[in-house]
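# Breakdown of the fold
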Amino acid sequence: MTRPAAFLRRGLATCWLLVVLLVGAHNAWLWLVQRASPDTDILALLPSARNDAVLQQAFSHMVDAAQQKVVVLVGDADWNRATRAADAYTATLQPHAALIAPAAGNAGELQQQWLAALDTSRSVLLTDAQARQLANDSPEQWSRQALAGLYGAFSGPRLGAWVDDPFNLFSGWLQQRAQETPVRPRDGRLFVERDGRSYVLLLLELKAPAFSMAAQRQLIPLLEQARRAALAQLPHGQLLTAGVVLHAAAASDQASGEMATIGAGSLVGILLLMWLSFRSFKPIAYIAISIAIGCMGALSVSWLVFGHVHLLTLVFGASLIGVAQDYAIYFLCARLGSPTTLASHGLLRQLLPGLCLMLLAAVIGYLGMAATPFPGLQQMAVFSALGLVFAWLTVVCWFPALVGPATLRATPLAHACSRSIHGWPRLTSMRGWHLKGAAAVFVVGFCVSGLARLHVSDDIRALQKTPQALLDDQIRVGKLLDMAAPVQFYLVRGASDEDVLQKEERLRQQLQPLVAEGVIGGVQAVSNWVPSQRTQRANLALVDTALMQARNGQPAAIEQVARAIDEAPQWIADMRSRVRAHARWLTPEAFLASPAGDSARHLWLPLPQGAASIVAIRGLADYRQLPRLAAVAAGVDGVQWVDKVGDISAVLKYYRQYMSWALAAAYLAILVLLSLRYRRQAWRAIAPPLLATLLTLALFGWSGQPLQLFHVLAALLVLGLGVDYGIFLLEPSQRERRFAWLTVGLSAISALLSFGLLACSGSPPLHAFGLTMLVGMLLVWLLAPCFIATAPTRTPS
């Protein structure tokens, strides 16, 4: 039996060595050959509308339209200074056109291009006010208006010659379209004016993906260089910059720094702790090997499963160091407390049931996160669970061969820490019962009152933290340009393009009262530019009836104008022909393919069947009015109100409640699992994390910290890791419980190092998670020995 067992042990160790070599080779290939870069797109962490592909496409369409753009506003009270500064800015970027380049050319040329694209359809384009006026005003009133435009000095703005648009219909329609944005052309540039300043608008387009860390490292210094060049021309001016890439770069810098800090801090702290405990490099090397293999294995398999790894997953995974070392510490401390006559593989057989329970409890805690619909949490959970499995297998397969009976010696500090358990109070002992009773009353009162004060917050906006300077610029740019928010809009669906356009028109009519009240400034919609075919036909009929034909006994308006300017009948025929020649039906496809459709292209969704579009909201300042906007959608068939912020917040609420029940179920499942081995003593392992979780939540209640999904997820991990300490102290395979207490102390301090640093993260979700773990694990450490009996009560089955 001895030889086959030894052969099996060597075979397992060799097989695991091959797996580790493959993992190491895959890691080297990823970083050195593929030059892999972590994903930095924060939206990739959020749930998608998997049950509604069109809705997800609409949201992606809105986001994709913005993420490759950078908007720069160069403002000054003096127009010439503003233009010189804008030129200095673009001159700095010009040599780097492969990275970033202007998205638009000369404003004057662009204006002529999109006017030409619309000119052939001018006869079918009318504003609502013009349509009402054509239906109600007499031919004489229209003829006077046309003559005023010809002879009057104050007849209003006009595009082109009077003969091309004698009744000023097309010019009026264009003026209404121009009111959808404050941006205007001037001297071949785009500009906006506000508060006595003229801002030159620079629209820049990224040629590399906005979430590429390599592109961000090149772009951010370049934009800063361009900013300095522009400000040198603006002693009293203002330069504003906005763009998704700026926020992505800030998040990448923060996450990269935190990953290095948390990972390095955890590793250095744990190695120092091991040195103080064992005063030898061997246990440090053993622990480092198990941690390294855990991290490499988690990265390789996660990359194969997901096709990428998010940067925040690596930040969260850096805390894995404080958990993966538990198995190594458990084995090393057990080796210290075991007689030298016991071989290491025999020790492993004794420890294996406890090791299996530890791994299973921790994996249950992590995989609870994977039950959420958030891709980011799923990836973090799988990454962490894989890291634990790889570290566990390293201990099981290699440590019996590496760590011999005489390999380790504890330092005086380790002995002092291990002996401290003898002075720890036992709640199950009757000694000092009156003090314990008072403490119990205090704890119960603290928990009940704290939990009563606890309030919840599921708002997704509380989970994002953007540098204030970037946020201020983004808000200011949005107000100056009257930009529509990409996270609140209407989704319009129909059987055809015509159906969608007609529904858009009905929706715009329903929104007019809100526009009149000032609730919103207006909407961005394709139907603003491309009326439905029904409306275009009605518009042409109105123009023909009201202007080209006699009505109510009066000569046609065009005839009255001809007589007034002394034109021959042929001129009237030519004008009628001109109207028909400029009555080509305008379609969404033709409009969006033209330069005029550039600004509206992201509002139309190409679908294999049917059609869909987006109606974006402008000028919404009071978010308390969102229910009124949602109510409008209910009155128009085929229109859906989309509030991505509200939707995700609702998902957070649902899964906070769902995971709270899952946490309760996990406690019950682990209690049953422990009962199979520890029988009636199983409660002693489950009580410390349960009480620690209640105390942590009560503390949050007293401190005013709102409860979020990430606190509940952390409570799952407090259970998964905290129950390990009870297992350490309950396992009778360790002949001296004081060495089990040393295991608990080393594991707890290591976890506190990891999650304590995670609590310092600038990312609100990671901060909430880390803070819960920090407080919870500290309490578990302090409470675990209190629930242990004064002497072992059973032998393992």
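Residues numbered from 1 in each chain as written. Predicted model: local features only at pLDDT ≥ 70, side-chain atom pairs only at ≥ 80, totals over all residues. Heavy atoms only, no water.

## Here we look at the overall build of the chain
If you tally the helices and strands in the chain, you get 29 helices and 11 strands. A principal-axis box enclosing the C-alpha atoms of the chain has dimensions of 125 × 55 × 55 Å. A buried classification covers 51% of the 797 residues belonging to the chain. Partitioning the intrachain contacts of the chain with sequence separation of at least 6 by distance along the chain shows that 82% fall at a separation of at least 24. With the model as given, the accessible surface of the chain reaches about 35200 Å², and the carbon-plus-sulfur share is 61%. Here the chain holds 63 positive side-chain charges and 48 negative ones, and the gap between their average locations is 19 Å. (Helix = DSSP H or I, 4+ residues; strand = E, 2+ residues; numbered from the N terminus. Buried < 20%, exposed > 50% of the residue type's maximum accessible area, 1.4 Å probe, protein only. Contact = heavy atoms within 4.5 Å. Areas by Shrake-Rupley, 256 points an atom, 1.4 Å probe, with all protein chains shown as cover. Lys, Arg positive; Asp, Glu negative; His and termini not counted. Charge placed at Lys NZ, Arg CZ, Asp CG, Glu CD.)

## As for the pattern of salt bridges
According to the stated counting rule, one finds 15 salt bridges in the structure shown. The partner of Glu180 in a salt bridge is Arg177, and the shortest N-O contact between them spans 3.0 Å. Residues Glu180 and Arg177 agree in their burial class; the two are buried. For Arg576, the salt bridge goes to Glu559, with nearest N and O atoms at 3.2 Å. With Arg576 in helix α22 (residues 569-581) and Glu559 in helix α21 (residues 557-564), the pair connects residues that are 17 residues apart, well separated along the chain. Residue classification places Arg576 among the partly exposed residues on the basis of a relative accessible area of 25%. (Salt bridge = Lys/Arg side-chain N within 4 Å of Asp/Glu carboxyl O.)

## Overview of helix α18 (residues 497-517)
With 21 residues, α18 ought to run about 30 Å at 1.5 Å a step, and its terminal C-alpha atoms sit 31 Å apart, in line with that. For α18, the principal kink sits at Leu511 and spans about 40°; a proline, Pro513, occurs within the next four residues. Listed as buried for α18 are Val500, Leu501, Gln502, Lys503, Glu504, Glu505, Leu507, Arg508, Leu511 and Leu514. One or two residues past the end of α18 sits Gly518, with phi positive at roughly 85°. (Expected span 1.5 Å × (residues − 1). Bend = angle between axes of the 7 residues up to and from the residue.)

## Remarks on the pairing of strand β10 (residues 611-618)
Where burial is concerned, most of β10 is hidden: 8 out of the 8 residues are buried. Along β10, one buried face is formed by Ala611, Ser613, Val615 and Ile617 and the opposite face, lined by Ala612, Ile614, Ala616 and Arg618, is buried too. For strand β7 (residues 488-494) and β10, the ladder comprises 6 bridges, and the chain directions are antiparallel. Paired with Val492 across the strands is Ser613, a residue of β10. Bridge count between strand β8 (residues 522-524) and β10: 3 bridges; the pairing is antiparallel. By the bridge assignment, Val523 is partnered in β10 with Ile617. Relative to β10, strand β9 (residues 604-605) runs antiparallel, the two being bridged by 2 bridges. (Pairing = 2+ DSSP bridges.)

## Remarks on helix α14 (residues 375-402)
Taking 1.5 Å of rise per residue, 28 residues should cover 40 Å, and α14 covers 39 Å from first to last C-alpha, within 8% of that figure. Counted residue by residue, α14 has 21 buried out of 28 residues, so it is predominantly covered.

## Overview of the pairing of strand β1 (residues 69-76)
Most of β1 is tucked away: 7 of the 8 residues are buried. With 8 bridges joining them, β1 and strand β5 (residues 197-206) adopt antiparallel strand pairing. Looking at β5, one finds that Val71 is bridged to Leu203. Pairing of β1 with strand β6 (residues 238-243) involves 6 bridges; the strand directions are antiparallel. From the neighbouring strand, Leu73 faces β6, where its bridge partner is Leu240.

## Thoughts on the nonpolar core
Judged by nonpolar contacts, the single largest core of 111 residues is most densely connected at Met274, Tyr327, Leu674, Tyr725, Phe755 and Met773. Discounting residues that sit within four places of it in the chain, Tyr725 has contacts with Val744, Ser747, Ala748, Ala751, Met777, Val780, Trp781 and Ala784. Counting 51 residues, the second largest nonpolar core, distinct from the first, contains Phe489, Leu514, Val530 and Leu605. (Core = buried A, V, L, I, M, F, W, Y, C linked by side-chain atoms within 4.5 Å.)

## Some thoughts on the packing of aromatic side chains
In this structure the tally under the stated criterion is 17 aromatic pairs. Here Tyr725 and Phe728 contribute two aromatic rings whose centre-to-centre distance is 6.2 Å and whose plane-to-plane angle is 25°, an arrangement assigned as stacked. Placement of the pair is Tyr725 and Phe728 together in helix α27 (residues 709-730), with a separation of 3 residues, close to one helical turn. Assigned by exposure class, Tyr725 and Phe728 land together as buried. Put simply, the rings of Phe170, Trp173, Trp529 and Phe591 pair up and form one aromatic cluster. Lying across the ring of Trp79, Arg186 places its NZ or CZ 4.2 Å from the centre. We note Arg537 situated over the ring of Trp585; from NZ or CZ to the ring centre the distance is 5.1 Å. (Phe/Tyr/Trp six-rings, centres within 6.5 Å; stacked < 30°, edge-to-face > 60°. Lys NZ or Arg CZ within 6 Å of the ring centre and 35° of its normal.)

## Points about unusual backbone geometry
One non-glycine residue, Asp566, adopts positive backbone phi at about 60°. With respect to the helices and strands, Asp566 occurs in the loop between α21 and α22. Although it is not a glycine, Arg679 adopts a positive phi angle of roughly 50°. Tracing the backbone shows Arg679 in the loop between α25 (644-678) and α26 (683-703). Relative accessible area serves as the criterion here: at 46%, Arg679 is assigned to the partly exposed category.

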